[in-house]
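What follows is the residue order along each chain.
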Amino acid sequence: MTTVLTPVDFSGITNSVVSQAIALAKATGGRIVLLNVLQPPVITSEYGPFMENIGEIVLVGEKAAAKQLARLEESLTAQGIETETLQLTGTPVTNILKQAEKTQADYIVMGSHGHTAFYDLLVGSTTHGVLLRATCPVVIVPAAKKKGRKK
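Each value, and the rule that gives it
- Residues numbered from 1 in each chain as written.
- Predicted model: local features only at pLDDT ≥ 70, side-chain atom pairs only at ≥ 80, totals over all residues.
- Heavy atoms only, no water.
- Helix = DSSP H or I, 4+ residues; strand = E, 2+ residues; numbered from the N terminus.
- Buried < 20%, exposed > 50% of the residue type's maximum accessible area, 1.4 Å probe, protein only.
- Contact = heavy atoms within 4.5 Å.
- Areas by Shrake-Rupley, 256 points an atom, 1.4 Å probe, with all protein chains shown as cover.
- Salt bridge = Lys/Arg side-chain N within 4 Å of Asp/Glu carboxyl O.
- Pairing = 2+ DSSP bridges.
- Axes fitted to C-alpha atoms, helices over the stretch in contact; angles between N-to-C directions.
- Expected span 1.5 Å × (residues − 1).

**Here's the deal with the overall build of the protein chain**
Link 1 in the chain: Scanning the protein chain for helices and strands turns up 5 helices and 5 strands.
Link 2 in the chain: Tracing the protein chain from N to C terminus, the helices and strands come up as β-α-β-α-β-α-β-α-α-β.
Link 3 in the chain: Counting every position in the protein chain, which comprises 151 residues, the buried fraction comes to 34%.
Link 4 in the chain: Sequence separation of at least 24 residues holds for 77% of the intrachain contacts in the protein chain that already meet a minimum separation of 6.
Link 5 in the chain: Counting every atom, the protein chain has about 9800 Å² of accessible surface; 54% of that belongs to carbon and sulfur.

The following block contains the structure:
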C-alpha cells in the first residue's frame, strides 16, 4: 500500500495540500499520514520571566492542532481513505524527514507558502529543507497567487 505523508500546518494552503494528497492516495490505492509538527517558540534570555508561560502556550497549540487533525481525519475517513494522524513538537524539517522514514512514505505532499527568497534566507523554508533531504518524491503544492492591481 502506498503511503502519502502529508505535513500540515493549518495555514491557508492546508486544504489544497490535503486535496492533492487525497488525489494521490486515491490514484495509488494508498493511505494518508497527516502530520503536524508544532515548533515551540524560540526564547532568548531577555524573555526569562515569561518562560513559565511557554509550556502553557505549547499546550494550547497542541490542543488546537489535535482538534484540527481529528477533523481532517474524520473527513478523509468519510471519503474511504485510510488515514493516520501524528502530532509532534520540535523542528519541522527534522521531524518530517524522520516520519517519512518511519512510516516508509512513498510520497510527501506539502505546501509552499510562497515567501520571498529573502524571507527564506533569513527564516528558512521547511519545504526547501525537506525537498533537499527527502529520499522519496516530494509533491509541492504552491501557494495561491495573490491578486494584485493591474496598472
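Once the structure has been displayed, the description carries forward.
**A look at the pattern of salt bridges**
As a working rule, side chains carrying opposite charge can pair if their charged atoms are close by.
Link 1 in the chain: Scanning the model with the defined rule gives 1 salt bridge in all.
Link 2 in the chain: Residue Arg31 pairs with Glu84 through a salt bridge whose shortest N-O separation is 2.9 Å. In this pair, Arg31 is assigned in strand 2 (residues 31–38) and Glu84 in strand 3 (residues 83–89), connecting sequence segments 53 residues apart.
Link 3 in the chain: When its relative accessible area of 15% is taken as the criterion, Arg31 is described as buried.

**Here's the deal with the sheet that holds strand 4 (residues 107–111)**
Link 1 in the chain: If you trace the 5 strands from one edge of the open sheet to the other, you get 3-2-1-4-5, paired in parallel fashion. Looking along the sheet, the strands with just one partner apiece sit at the ends: strand 3 and strand 5 (138–141). Going across the sheet, the axis of each strand differs from the next one's by a mean of 20°, ignoring polarity.
Link 2 in the chain: Looking at chain direction, strand 1 (residues 3–7) and strand 4 are connected through 2 bridges and run parallel. Looking at strand 4, one finds that Leu5 is bridged to Ile108.
Link 3 in the chain: Each of strand 1, strand 2, strand 3 and strand 4 touches helix 3 (residues 92–102); the most contacted strand, strand 2, lies at about 155° to it.
Link 4 in the chain: Packed on one face of the sheet, helix 5 (residues 126–133) meets strand 4 and strand 5 and runs near 160° to strand 4.

**So, the side chain of Thr103**
Link 1 in the chain: With respect to the secondary-structure elements, Thr103 resides in the loop between helix 3 and strand 4.
Link 2 in the chain: Overall, Thr103 belongs to the buried group, its relative accessible area being 12%.
Link 3 in the chain: Every residue in contact with Thr103, bar those within four places of it in the chain, is listed here: Thr3, Arg31, Val33 and Leu86.

**Considering helix 2 (residues 54–78)**
Note: α-helices contain 3.6 residues per turn, so residues at a spacing of three or four share the same orientation.
Link 1 in the chain: With 25 residues, helix 2 ought to run about 36 Å at 1.5 Å a step, and its terminal C-alpha atoms sit 36 Å apart, in line with that.
Link 2 in the chain: The set of residues buried in helix 2 consists of Ile54, Val58, Ala65, Leu69, Leu72 and Leu76.
Link 3 in the chain: Packed against the buried residues of helix 2 are helix 1 (14–28), strand 2 and strand 3.
Link 4 in the chain: Gly80 lies just past helix 2 and shows a positive phi near 85°.

**Some thoughts on the environment of Leu69**
Link 1 in the chain: You can see Leu69 is positioned in helix 2.
Link 2 in the chain: On the accessibility criterion, Leu69 (4% relative accessible area) is buried.
Link 3 in the chain: In sequence terms Leu69 and Leu34 are 35 residues apart; their C-alpha atoms lie 7.4 Å from each other.
Link 4 in the chain: In this structure, Leu69 is in contact with Val8, Phe10, Leu34, Asn36, Thr85, Leu86 and Gln87, ignoring residues within four places of it in sequence.

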